[in-house]
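Below are the chains, spelled out letter by letter.
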Amino acid sequence: MISRIVILGGGTGGTLAANRLRRELGASCQITVVDTDGDHVYQPGLLFVPFARVRPDRLARPRARQLRRGISYHQCPADHVDIGARQVHLADGTVLPYDALVIASGAALLPGETEGLPRAMAQGRAFTFYDLAGAVALREALAGFSGGRIAVNVVDLPIKCPVAPLEFCFLADTYFRQRGIRDRVELTLVTPLDGAFTRAIASRELGGLLDRKGIGLVTEFNTGEVDASAGRLVSFDGRDVSFDLAVVVPIHGGQPYVGRSPGLGDALGFVPVDEHTLQSKASPDIFAIGDAADLRASKAGSVAHFEGEILAANIASFLAGQPLSASFDGHTNCFIESGAGKALLIDFNYATEPVPGHFPGPIGLPLLKESRLNHAGKLAFQWLYWHMLLPGRDIPGIPAGMTLAGKHVPAAGPDHQVTS
Amino acid sequence: MSSMVYAGTEVSVNDEGFFTDPEQWREDMAPEIAREADIETLTDRHWQVIKFMRHEYADKGTGPSVRALSKISGVSIKELYELFPKGPAKLAAKIAGIPKPRGCI
């Protein structure tokens, strides 16, 4: 019998899941991928657009072309999932019955959830580089910026690529230095976190980098309002930060259809899944991959990549009526651009925070340390993305599970929480 | 880890004062924990939030973020900050006797 697999989302997670499942299950399954538009954007490239270091038209490719032969692509917004009837209803009236459903529709940007932010964006006072149009608009604004205060603000967590706001600050520092006006620009990172990053050792290292580059850091700032006319961010507890130009990472949530599918998502529209098997807590025939899931792992392309192998194995087991044996460990791997042609690399999982050392083993790229090699790695990654990640291939020498080889893990990490 | 005495009963707390065993919490301890955080009186609105925190913890194993708390409880984020100044999710969790909400990464 042919199994029907429906995948909602043709981004990083959905595409690589479809390709892995097709390769592993062959003609025994019929795979349909659904997305709202035809452009697959290489999201890690968005960071470079505002600094005119990449041409925006080089970042997008057709979604359907990234899928293996034999996979159907249906371009239409999803309306809702009927969990009981095991059907997906699309906005054009199409009904797709499924034996297994993969939620891979990522995270949506919700600027409307922050008071004053839509107006500030419409008036050209606030920008975001988290989508292509926004990144291009910000490029124009930065080109015309001759001095003043720039506030880089993360409104709330979770967000995609939690290191991107830091990278933006580092790259802006380099950008204004190269233009010879760095001394006329005040750069401040305004974050709800209590430091530069979520995990202790990396937070210290990255906080130190901000400091050395003369970038201000305002912590535990929960933005309640963006006041465009006065040029200030106002926090819920009444503090404010003045700006001439605000670079805002808007609130993230799940896609609207998740909210219209009773039982599927949580209060923010993300899909609760078992953090190891990636199986939905709502129904055993539903799985989630990438940003759409409510995992405590980063919302990052590397996470979707590492999840891919586990997801494909567990869906194959589920369809065969066998127990799910593959387990995701929270593995995340991120290059962090630090400006001036250098980058850091972090590699971590649920249990191990980012630490110094080398990756993927004792001989390799330096971890949590600035290096030109890492910058070269970040640039090379774009090729790997289109030719290895999306096709759903393993990267030689880099298994889905994190390894401790090459890592210098402190005996009792400061991240370690004593709970008993 | 250390211990505190609330409402005449010794309970285990972590370095930041969060309960390590939510089972040890009783309603009559809440006003004392609140006073330590400069909340003199717990109103019905405070209690509504505290009960939500307990319920969410029992349901999901962690307290909600401020935004999720607001969406689920129907109390606006602004009001949450008025009720629990500085950090509603953390402070309400502490008063409700549940562990510090797991931060997102």
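As shown above, the structure is provided for reference.
Here we summarise the structure given alongside this text. (Residues numbered from 1 in each chain as written. Chains lettered and ligands numbered in written order. Predicted model: local features only at pLDDT ≥ 70, side-chain atom pairs only at ≥ 80, totals over all residues.)

Attention now goes to the overall build of chain B. Within chain B one finds five helices and two strands. Tracing chain B from N to C terminus, the helices and strands come up as β-β-α-α-α-α-α. Taken against the 2.2 N^0.38 rule, which gives 13 Å for 105 residues, the C-alpha radius of gyration of chain B at 13 Å falls within 12% of a compact globule. C-alpha extents for chain B along the principal axes are approximately 35 × 30 × 20 Å. The 105 residues of chain B split such that 38% are buried. The contacts in chain B between residues at least 6 apart in sequence include a share of 50% that link residues at least 24 apart. (Helix = DSSP H or I, 4+ residues; strand = E, 2+ residues; numbered from the N terminus. Rg over C-alpha atoms; globule rule 2.2 N^0.38 Å. Buried ≥ 20, exposed ≤ 12 C-beta atoms within 10 Å, placed from the backbone. Contact = placed C-beta atoms within 7 Å.)

A few words now on the sheet that holds strand β12 (residues 148–154) of chain A. Residues and elements named next belong to chain A. The sheet built from five strands is open, its strands ordered β11-β18-β12-β13-β14 with parallel pairing. Here the strands that pair on one side only, and so sit at the sheet edges, are β11 (126–127) and β14 (216–218). Here β12 runs beside strand β18 (residues 245–249); their pairing, made up of five bridges, is parallel. Note on β18: the bridge partner recorded for V154 is V249. On the sheet, helix α4 (residues 164–178) packs against β12, β13 (185–190) and β18 and is oriented at approximately 175° with respect to β13. (Pairing = 2+ DSSP bridges. Axes fitted to C-alpha atoms, helices over the stretch in contact; angles between N-to-C directions.)

Turning next to the packing of helix α2 (residues 44–60) of chain B against helix α5 (residues 88–95) of chain B. All names here are of chain B. Two elements in contact, α2 and α5, have axes separated by 9 Å at closest approach and are oriented at 80°. Judged by the angle between their axes, α2 and α5 are roughly perpendicular. Residues V49, I50 and M53 of α2 pack against A92, A93 and I95 of α5. The class makeup of the residues in the contact of α2 with α5 is six nonpolar, no polar and no charged. (Parallel < 35°, antiparallel > 145°, perpendicular 65-115°, else oblique. Nonpolar A, V, L, I, M, F, W, Y, C, P; charged D, E, K, R; others polar.)

Before going further, it helps to examine the interface of chain A and chain B. Across the boundary between the two partners, chain A contributes 18 residues, which contact 17 residues of chain B. Class assignment for the residues of the side of chain A that touches chain B results in eight nonpolar, six polar and four charged.

Residues and elements named next belong to chain A. Sheet architecture is open: five strands sit in the order β5-β2-β1-β9-β20, paired in parallel fashion. In this open sheet, the two strands that pair with only one neighbour each are β5 (72–75) and β20 (286–288). Between one strand and the next, the sheet's axes are offset by a mean angle of 20°, whatever the strand orientation. As judged from the four bridges shared by strand β2 (residues 29–35) and β5, these two strands associate in the parallel manner. Residue pairing across strands places V34 opposite H74, the latter belonging to β5. Against the sheet, helix α1 (residues 12–25) engages β1 (3–8), β2 and β9 (100–103), with an angle of about 170° to β2.

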